[in-house]
Amino acid sequence: MPATEYQGSFLGRISIRRNQVSSLENNQEQELEDLELFQRHISDRFADLIVPAPDDPPASPHHHHHQPNPDNVLSISWLRKLLDAFLCCEAEFKAVLIMGRDPAHVAKPPLDRLIPELMDRVVRALDLCNAITHGVDSVMQCQRLAEIAASALERRPFGEGQVKRAKRALTTLLSLMDDKENTNSSFKAAERNWSFGRRGSGAAGANKDPHMANFRCLTMSVSKNWSASKQIQAMMGNLAAPRGNEASGLAVPVYIMSSVIVFAMWALVAAIPCHERSGLSTHFPVPRQLSWAQSMIGLQERIAEDWKKKEKKGSAGLMEEMQKMEKLGTALVDFADGFQFPAEAEKEEVAAGQVCELVEVCRRLDEGLLPLQQQIREVFHRMVRSRTEILELLDQASKAAANPVA
Amino acid sequence: MEEVGMESAERIILSWDSTASDEARDRMIFEGDRSQVHRYLRAVDQIHCATTTTCGDKVNGAIQIAMARLEDEFRNILITHSAPLETDSLLDLTTLSADSSAEFDEFSVDVDASPDRVLELSEGESSSRARSSVSYKTTKSIREVDLIPAEAIDDLRSIAERMIASDYLRECVQVYGSVRKSAVDASFWNLGIEKLSIGDIQRLDWDTVEVKIRRWIRAARVCIRVLFASEKKLCEQIFYGLGTAIDDTCFMETVKGPATQLFNFVEAISISKREPEKLFKILDLHDALLDLLPDIDVVFDCKSAESVRVQAAEILSRLAEAARGILSEFENKVLREPSRVTVPGGTIHPLTRYVMNYISLISDYKQTLNELIVSKPSTGSRYSGDPTTPDMDFAELEGKSPLALHLIWTIVILLFNLDIKSKNYVDGSIVHIFMMNNIYYVVQKVKGSPGLHAMIGDDYLKKLSGKVRQAAIVYQRATWVRVLYCLRDEGLHVTGSFSSGVSKSALRERFKTFNAMFEEVHKTQATWLIPDIQLREELRISISEKLLPAYRSFLGRYKNQIESGRHPENYIKYSVDDLENAVLDFFEGHPVSQNFRRR
């Protein structure tokens, strides 16, 4: 096939030697075709994940600004789409790398270095999956508190009892979100409404404090040293685009898959509160000029922007629903603080609208969180499976090299 | 009358509004005297009644204040009784050292190491299983513990009833969950289950992991059968009958985290790199989890707990997969073990010892492995012409379990590999001694283990014994044919025109050659070793049976010819007895002096 067929892609820059043995040439061409296809598919999947930003000008003048697109970047449904895309990429990667593969290929440089590095990233990703699943549990807890508040403010006109009830729940909610970094949420929740507390009041009080002090570190499910942001950083380390003659072989899909894993994990960690996210790197080590990476880099930049803007210490994650919940929660607490029965009609109207939005947010969480957890579990399973198969392939390769038969 | 009742009820509620008065904040109703408690609860009931008839802001305000107060009282009672469960006695940590199981060194075949050191084999856990049941009798089955005293439970329940009746279920559940979650976490971590990430576990050396697995098994039993079961009972005691599956919701809320954490450890083990040394501990883990599964199903029987049951089942099958993978890896390593260093003296190869010990242990675990191993080994095909894998026809082994077939296959590939290794010997004859020794060792090991013997079966053993005999025969041919060739009659008699008789020069040549050959063989093969005494003697006898009569008759026929010539001692160096003695040196494994003459 003439080289002009591949015009416009990086393959056009590769000169295919024409005087090779025909079967070898066919294999090589087939492989190059497969690689090209793989890259295109990856690119397509990430292009599908691009959503116009909420502050982009509306397509039509009748477009309601506050009618949120449920698929906004970092919304629950977007995260689920991301995971779907990840699973597709993963399946294709396996097809490219493993199916019908002669083990000797994966033992040759640079794969003999790149594949173990990929395996290392996969193991970190597995731990991140677990941490993120745990983080979703915290989100569920927030959802439940929000539901208390929302259902308290269902009936109008708002009575004092309702408002106080909502405020109690929202205050707990906001303090949970404040403290997400430490994931000692249950301790905080136990403490928060204990504000009229027992400090120093009698022997009984003194006895209780040691228990409370212990709760803080015990509710953490990972060791103190483990940190999501450090894991991401380690995964990004030595993630380098293949160059020179490496850029035409299997090093490319390995690099692409590595980048996809890193991106997916990074996005999830940014979105969902899990242990120790402070210091999450916003710089992504994938060069701009790679054609397949355009959409991914675009998404990454947007999320990084968001991160820098909104992520103060102890924020509840960039998940859109959580951000909304925080905003609405704060607004409603303010409303509650200034509330006196009967409320001003205008203020009540605004608050009622916010309650509506809160109900919608809760509904989306209710619908999406469990499936999200299941998807994360599915991602976990798949990565385990692929890792096992790749390790077997590596093993076969080293066996073949050491074959004792003369 | 009711008016007054309502008013005083409201007053009581308001007097305990902690947002309004310091006094209300500093004391807890349920820590005071019981009449106070009753009064308050009656007041709540009256307000509640009122809410069902009227719908005024005042009444709603009062109910909110009451509910908020009850929530705090609820929390307080729970926190007062949230000491972690005392589990040390249940864990019975003193049995840690007695709980031994098979330990295997890494698969590394070091020919230079002394044979006994290559493998450390301690008592299989299967034999210590009977022992361990004594120390774990408290955690062999579900045993619920009362976490909170009965009076407190009554109080909690009476609060819960009222909160739920006033539509404050969510708050009640939320408070319960947050306090009990911390308490369960504390008890959980007390059991010694470590917070290791998957990455951490991959990096640990396997000896360390084995210790952790043992700890986990012990802790998991207590965790599920005592800790979680007791939490479930507590939820039932407080919430049973108060609404749809509220007790289930609360239960899952409190234990979901630790349950996931518990299984995460096992999951991390199941995905670790497959190495033969790991098989038995992983089987232990598998069996422990299998044993726990019915109790997991009982404790986590509600619908919302499905994910836990599913995870447990998933992990169990992962462990099974890991076990299968490891066995496969083991077989692979046996086949491909590449060392070319020859064992001095043609004795037992470390690989042989390793493999036989390993499959002996496999037969100890056959109960579990028979369940897990369901497919036959994939052997080479006799049509593939692949020289790197032996082929094997399983048709002749009908009726054997897949596990038994795997064990036989393992022996087949062991011998195949040994055969390849034997080619590294320079001397042609030692090859056969080597093979004979090793195959015999296999036979003895199988015979010595009833479990192994039963699985391998007599038919295959017979085959192996046949190979031993065959090796002995080939050895004798390889070494002794040419030696005995010296003692033949042909070629010694000359018929010529002037005389017919024995050629003296040829005869002298014969004796000289025989002596040289025999000395060479004696010198060399004394350093060879046949470890098994019986086998050694049998072979020596077999040699003697051929050598001595041949020499005796040769001597008898031609002694005179030599002795009638010059320097007969140069040619007839040895008597039959000398040779007989010399043969006793063979295969002893150490060099000997060349002087084995009696005279």
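Quick caveat, the model's predicted, so the values are computed rather than measured.

> It is not clear to me how the overall build of chain B should be interpreted in this structure. Could you clarify?
A count of helical and extended segments in chain B gives 22 helices and 2 strands. Relative to its 599 residues, chain B shows a buried fraction of 54%. Excluding contacts between residues fewer than 6 apart, the proportion of contacts in chain B whose partners are at least 24 apart in sequence is 79%. As presented, chain B carries roughly 26300 Å² of accessible surface, and 51% of it is formed by carbon and sulfur atoms.

> Sorry if this is basic, but what is going on with the side chain of A:E348 here?
For A:E348, the location among the structural elements is in helix α12 (residues 345-401). Beyond its immediate chain neighbours, meaning those up to four positions away, A:E348 contacts A:R156, A:P157, A:F158, A:F335 and A:A343.

> It is not clear to me how the pattern of salt bridges should be interpreted in this structure. Could you clarify?
Applying the stated criterion across every chain, the model contains 51 salt bridges over all chains. Among the ionic pairs, B:K181 bridges to B:E253, the shortest N-O distance being 3.2 Å. Taken as a pair, B:K181 in helix α8 (residues 169-190) and B:E253 in helix α11 (residues 246-270) lie far apart in primary sequence, 72 residues in all. Per residue, the accessibility class of B:K181 equals that of B:E253, and both read buried. Linked by salt bridges that have partners in common, A:E320, A:E321, A:K324, A:E360, A:R363, A:R364 and A:E367 make up one network.

> How do you make sense of the environment of B:T388 when you look at a structure like this?
Structurally, the position occupied by B:T388 is in the loop between α15 (366-372) and α16 (402-422). According to the relative accessible area criterion, B:T388 is buried, its value standing at 16%.

> How should I be thinking about the domain arrangement of chain B in this particular structure?
You can read the domains of chain B as domain 1 (1-81), domain 2 (135-152 + 162-336), domain 3 (345-478) and domain 4 (487-585). Taken over C-alpha atoms, the centre of domain 1 of chain B sits 81 Å from the centre of domain 3 of chain B.

> So what exactly am I meant to see when it comes to the packing of helix α20 (residues 504-526) of chain B against helix α21 (residues 533-563) of chain B here?
Relative orientation and spacing of two packed helices are given, respectively, by the angle between their axes and the distance between those axes. All names here are of chain B. Viewed as axis vectors pointing N to C, α20 and α21 meet at an angle of 145 degrees, and their least axial separation amounts to 11 Å. Crossing angle aside, the handedness with which α20 passes α21 is left-handed. Contact residues: K504, L507, R508, R510, F511, F514 and F518 in α20; L547, Y551, F554, L555, Y558, Q561 and I562 in α21. Residues belonging to the contact of α20 with α21 are distributed by class as follows: 10 nonpolar, 1 polar and 3 charged.

> Would you explain the environment of A:L176 in this entry?
Of note, A:L176 is situated in helix α5 (residues 160-178). Distance in space between the C-alpha atoms of A:L176 and A:V139 is 9.7 Å, their sequence separation being 37 residues.

> What's the story with the nonpolar core in this structure? I'm lost.
By size, the foremost hydrophobic cluster in this structure holds 312 residues, and its most contacted members are B:F228, B:F239 and B:F300. With 23 residues, the single largest contributor to this core is helix α4 (residues 111-152) of chain A. Excluding its chain neighbours within four sequence positions, the residues that come into contact with B:F300 are B:F228, B:F251, B:M252, B:V255, B:A259, B:A305, B:V308 and B:R309.

Calculation criteria
- Residues numbered from 1 in each chain as written.
- Chains lettered and ligands numbered in written order.
- Predicted model: local features only at pLDDT ≥ 70, side-chain atom pairs only at ≥ 80, totals over all residues.
- Heavy atoms only, no water.
- Helix = DSSP H or I, 4+ residues; strand = E, 2+ residues; numbered from the N terminus.
- Buried < 20%, exposed > 50% of the residue type's maximum accessible area, 1.4 Å probe, protein only.
- Contact = heavy atoms within 4.5 Å.
- Areas by Shrake-Rupley, 256 points an atom, 1.4 Å probe, with all protein chains shown as cover.
- Salt bridge = Lys/Arg side-chain N within 4 Å of Asp/Glu carboxyl O.
- Domains from an automatic or database assignment.
- Axes fitted to C-alpha atoms, helices over the stretch in contact; angles between N-to-C directions.
- Left-handed = near helix turned anticlockwise from the far one by under 90°.
- Nonpolar A, V, L, I, M, F, W, Y, C, P; charged D, E, K, R; others polar.
- Core = buried A, V, L, I, M, F, W, Y, C linked by side-chain atoms within 4.5 Å.

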